[in-house]
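Survey of secondary and tertiary structure
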Amino acid sequence: MMPDLFELGIDGTLQLARCLSASALDPTSSITFGLSGPSTSFYSCLCDELLSQDPGSFESVIADTVSHFTKSLSKCDTVLDGGGGSIEGGIDGGGMVIVSGLKELCSHKKAAACLTRVPSFLLPAEGSEKSKERVTPPVPTLPPGASAQQQRFFRMVQAMSAGRSGYLRRSGPALEKDTLLGLVLRIGLPMENPAVSSSFQNAASRTMKDVKQGIEGMRRQLRIYQDKCNELVRALVTAGADARGQVMNWIIDALLVNIGADAMRPDRSKVSNAQTLLNLAVVLLKLCEPFISDEKKSALINPGFASFAEGHGGVFITTGDNAVPRLAENPVMPSEPYKPKNSFIPQCFFFTARALHLSVVSGSSYHMGILRQVNNTAWQLRQRNENAQSDPNFNHILSMQYANEVSLLAPEMIADTLRFLNLTARFLVRIDDSQLALMPEHFVDDICDLTTFISRVEPKTMQGLDLGNIFKMVVKLLSPKYAHTVRNYNLRAKLGDVLYEVYLPPNVDGSSSVPRSVSCDPLTGGQPYLLSDASAQETLAPSLLLLYGEVEHTGYYEKMSHRAHIAALLKYLWESTEHRNAFRRITQNKESFIKFANGIMNETNSLIASVMEKLPEIRRVQVQMANPQQWAALPEEQRETITSRHEENERDVERALPLCNKTLQMLGYLNTDDDIRNLFLLEEMCSRLVNMLLHVLTKLVGSKGLELKVDNPENYNFRPKEMLRDLCAIFASFSSAHEFQVECAKSGYYNTDLMTKSVKTCRKLNLLTGESMELFESLAEKVKTASKHVGDDDALVADAPDEFLDPLMCTFMKDPVLLPTSGTVIDRSTIMQHLLNDPVDPFNRKPLTVDMIIPATELKEKMENWLEEKRSAMSTQGV
């Protein structure tokens, strides 16, 4: 039987709930305040008395008191709401007051433990009959005496509700509607709530100062509420092992039922709202605080937890539809049992990492979509000469951006998240390779996504934070040793992006707003990590060359962005003495470097051809649009077609030109090193290099590329004079090489007029000076001399037998080899060039690698004898 707590009323548990909540308004006069400590408070004495008289009644009192809290919480949607005091059995005040009351209830550990045992604390067990029950939202009914307008509105609402399937008793929506912690954590400032988004009405016409003040005011309220949530959860997990276990079971349920929250378009009938998951991440981050900055405590994070199904409850399952991919492909599962020194720390760490993946990471991806929509809408309005400030659609999208930033970009949460990511990186660096292979892939993916996201949208929040472990993790995982562990090319590309976005010092490539303190190591006197880190000095240069080729697999547009970042990083490393030894070692791996160099040349050829084709078209449309009468005279459908094509051309050029510029620069500075230049002069490389350089030169000089003009060229990074300068400098660096001169003479792209015009243009624009100009100017004469020798050689082999000719190029072979896959004999340089781009036999498409090629020694000897006879005959004839 429930005892009568208060003489003046039978609603004793409601009065108790209200008294507990009142502690938030006046702590010193609350029933939980004791002069000699909490244990001497009226509330504590009441609990002790009830427990001593009848433990069963105590359970009933706590359960009934909790029911009043949950009823009131169900009426709150945001931290701005007033609460449920107006409803029967409700509590005055908003969510903050109600959660404060719950926290005070848990100030007595027995009451806190009792709270975690109420039937609604957890979702129904997976697979149970109750978990399969479906809750269907009630269909609104027409009120009596409704007007015609009200009737039409209700019919519309009924039609919209008809397609709703409701939600299961074990699901994301059920978590936040039916469980206590779900009801607590769903309250916040969700962007879709009218009370939040309406605070940013007419966003485009408001000053940024006004907008920021509005955001900060709302964030203060959210922070106060989240602090109360943290206090509540901390009170529960410190109430004893049983209570802590129940809280962890609830967290497991929350993570399991929200498995689909990381989808591009989450199914809201299955997953919780974004605010619920964000608050869960905030609470878990606070639980991790004691060991985030304490290396001794963080060393207790046992990597075996990810493979301990009994501990994680299926959150990191490796099989089935909900499998969480591991970093390595098909890793070997541990054979030793999981025996942690501390079980709570690994739980907090791994569950926090998973919660961040389902909340902040997903939210950052969604927010980037909003930003793209804002920018695209603004651009379209400018193109139509319309006012963005008065456009309702633009104002709506912008208001959603600001509303989302209130919760997602709260500085304290961002700082806590970055500290946790740095801890995760430290953990990944310290564990051994077999354990690393078993870690969820999203651990690394999330570190990359969130650090680059924050560096782009809120870099100031990174000020003063130590992110050195993230740098060490990136360098480790990019190194050739771990190329087979991290096999996901998109993930490896993201690692390179982190180096560029976060650790390339500000102003090096002209765009980063990340504070310098982030990219520099305080332990080395503020030197950039890229220069001071010993592992980076050893492995980073070869890692980036390897990555340059790997990003080919990431998609056409994505690879251009990745390669532009890699090129900028390589240039920075090249200019530092700390990395020069690593670059020298690169030349020792001839095969890898040739693949890298081949990729550069392929990329440059493709990019320059695309750019020079699209720039004139962009200019033509710009001129067309600049004439209002001519533009208006075109049919609307034709204008839309032209505009769409024009936008596509602009996007392509904006992506291509930065990489094109950086690639030419990279070719230039790499070839200032004699050993690297000699690799480019190899027989399988030199002809490709010459043809690529002459092709670009033809586009720039022969096709009047320097005379191309577009509006706002800086928007496209179109700098033709700089491109020509870099190109001619490369010609100058190779001009003394005999192999280069011969290949120029052989190339179909070469002509004397082109070279003469290029030299005159260089002099006129003062692009090269001193020795470089002299070397470039001397090339034409050297090629002329080489042409005579090439002509003599061609005459010598003019009547060579067919068996001496390359079957693809129809040229006299210098080093014949046999392809075992087809039995064809071909010149070594020809097949080497082919295999750089396509690892198959060109005659039957069977797989073929360089090590399979067999030297045709007998044929080569026969060819040399034939040549010797030809030379003797010609000498005898006096030719």
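Data block above holds the structure.
In this convention, every chain numbers its residues from 1, walking through the sequence in written order. This being a predicted model, a pLDDT of at least 70 is required before a residue's local features are given, and a value of 80 or more before pairs of side-chain atoms are given or counted; all residues contribute to the totals for chains, interfaces and linings. Heavy atoms throughout the structure, all of them, feed into the side-chain values; hydrogens and water do not.

Soluble, globular proteins show a tendency: their nonpolar side chains are buried together. Residues grouped as a nonpolar core are buried Ala, Val, Leu, Ile, Met, Phe, Trp, Tyr and Cys residues, joined through side-chain atoms within 4.5 Å. To sort residues, take the accessible area from a 1.4 Å probe on protein chains only and compare it with the maximum for the residue type: under 20% means buried, over 50% means exposed, and anything in between is partly exposed. In terms of nonpolar packing, the biggest core is built from 243 residues, with Leu105, Phe350, Leu428, Leu499, Phe731, Phe740 and Phe776 touching the most fellow members. For helices the rule is a DSSP run of H or I covering at least 4 residues; for strands it is a run of E covering at least 2, with both sets numbered from the N terminus onward. The element contributing the most residues to this core is helix H15 (residues 344-383), with 15 residues. Ranked by size, the runner-up nonpolar core spans eleven residues in total, among them Phe812, Met813, Ala856 and Leu867.

Two strands qualify as a pair provided that DSSP identifies no fewer than 2 bridges between them. With antiparallel pairing, the three strands of this open sheet are ordered in space as E6-E5-E7. For this open sheet the edge positions go to strand E6 (824-827) and strand E7 (854-855), each flanked by a neighbour on one side alone. As judged from the four bridges shared by strand E5 (residues 816-819) and E6, these two strands associate in the antiparallel manner. Considered in E6, the bridge of Pro816 is made with Asp827. Sitting on the sheet, helix H36 (residues 828-837) is in contact with E5, E6 and E7, with an inclination near 90° to E6. In what follows, a contact means two residues having at least one pair of non-hydrogen atoms within 4.5 Å. Inter-axis angles, ranging from 0 to 180 degrees, are taken between N-to-C directions of lines fitted to C-alpha atoms, where helices are fitted over the stretch in contact.

On to empty space enclosed by the protein. The probe, sized like a water molecule, is rolled over the atoms to show the empty space still left. A pocket here means an open set of points on a 1 Å grid, computed over the protein atoms alone, that has protein on both sides within 12 Å along at least five of seven lines. A cavity is instead a set of points where a 1.4 Å probe fits but cannot get out; residues with an atom within 4 Å of a point line either one. Grid points are joined across faces, edges and corners, and a volume is the space filled by probe spheres set on the points. For the coordinates displayed, the defined rule picks out six cavities of 30 Å³ or more. Looking at the largest cavity, it is lined by 13 residues, and the ones nearest its centre are Arg223, Gln226, Ala410, Glu412 and Met413. Contributions of two or more residues to the lining of the largest cavity are made by helix H10 (208-237), helix H12 (274-292) and helix H17 (411-430). Considering each element in turn, the lining of the largest cavity owes the most residues, six residues, to H10. Each residue is assigned to one class: nonpolar for Ala, Val, Leu, Ile, Met, Phe, Trp, Tyr, Cys and Pro, charged for Asp, Glu, Lys and Arg, and polar for all the others, Gly among them. Of the residues that constitute the lining of the largest cavity, the class distribution is five nonpolar, two polar and six charged. Here the second largest cavity is characterised by a volume of approximately 60 Å³.

Our focus in this paragraph is the pairing of E5. Between E5 and E6, which pair antiparallel one after the other, the connecting turn spans four residues, and Gly823 there sits at a positive phi close to 75°. Where E5 lies against E7, two bridges are found, and the strand directions are antiparallel. Directly across from Val817, in E7, lies its bridge partner Pro855.

Okay, the packing of H12 against H17 next. Where H12 contacts H17, the two axes come as close as 10 Å, and the packing angle between them is 55°. Regarding the angle of H12 to H17, the classification is oblique. Note that H12 runs across H17; the crossing there is left-handed. Along its contact with H12, which presents Leu278, Val282, Leu285, Lys286, Cys288, Glu289, Phe291 and Ile292, the element H17 presents Glu412, Met413, Asp416, Thr417, Arg419, Phe420, Leu423 and Arg426. For the contact of H12 with H17, a count of residues per class yields nine nonpolar, one polar and six charged. Convention used here: angles under 35 degrees read as roughly parallel, angles over 145 as roughly antiparallel, angles from 65 to 115 as roughly perpendicular, and any remaining angle as oblique. Less than a right angle of anticlockwise turn of the near helix away from the far helix marks a crossing as left-handed, whereas a clockwise turn marks it as right-handed.

A word on helix H3 (residues 55-73). Helix length check: H3, at 19 residues, gives a terminal C-alpha distance of 27 Å against a target of 27 Å (1.5 Å per residue), a fit within 8%. Taken residue by residue, H3 has Ser57, Phe58, Val61, Ile62, Thr65, Val66, His68, Phe69, Thr70, Ser72 and Leu73 as its buried positions. Looking at the buried residues of H3, the elements they touch are helix H1 (12-22), helix H2 (42-53), helix H4 (95-105), helix H5 (109-115) and helix H8 (180-185). One side-chain oxygen at the N-terminal end of H3 lies 3.1 Å from the backbone nitrogen of Gly56; it belongs to Asp54. Every helix has an expected span of 1.5 Å times one less than the residues it contains. Pairs of N or O atoms within 3.5 Å make up the polar contacts considered here, provided that, within protein, one atom can donate a hydrogen while the other can accept it, and that residues adjacent in sequence are counted only when both atoms are side-chain atoms.

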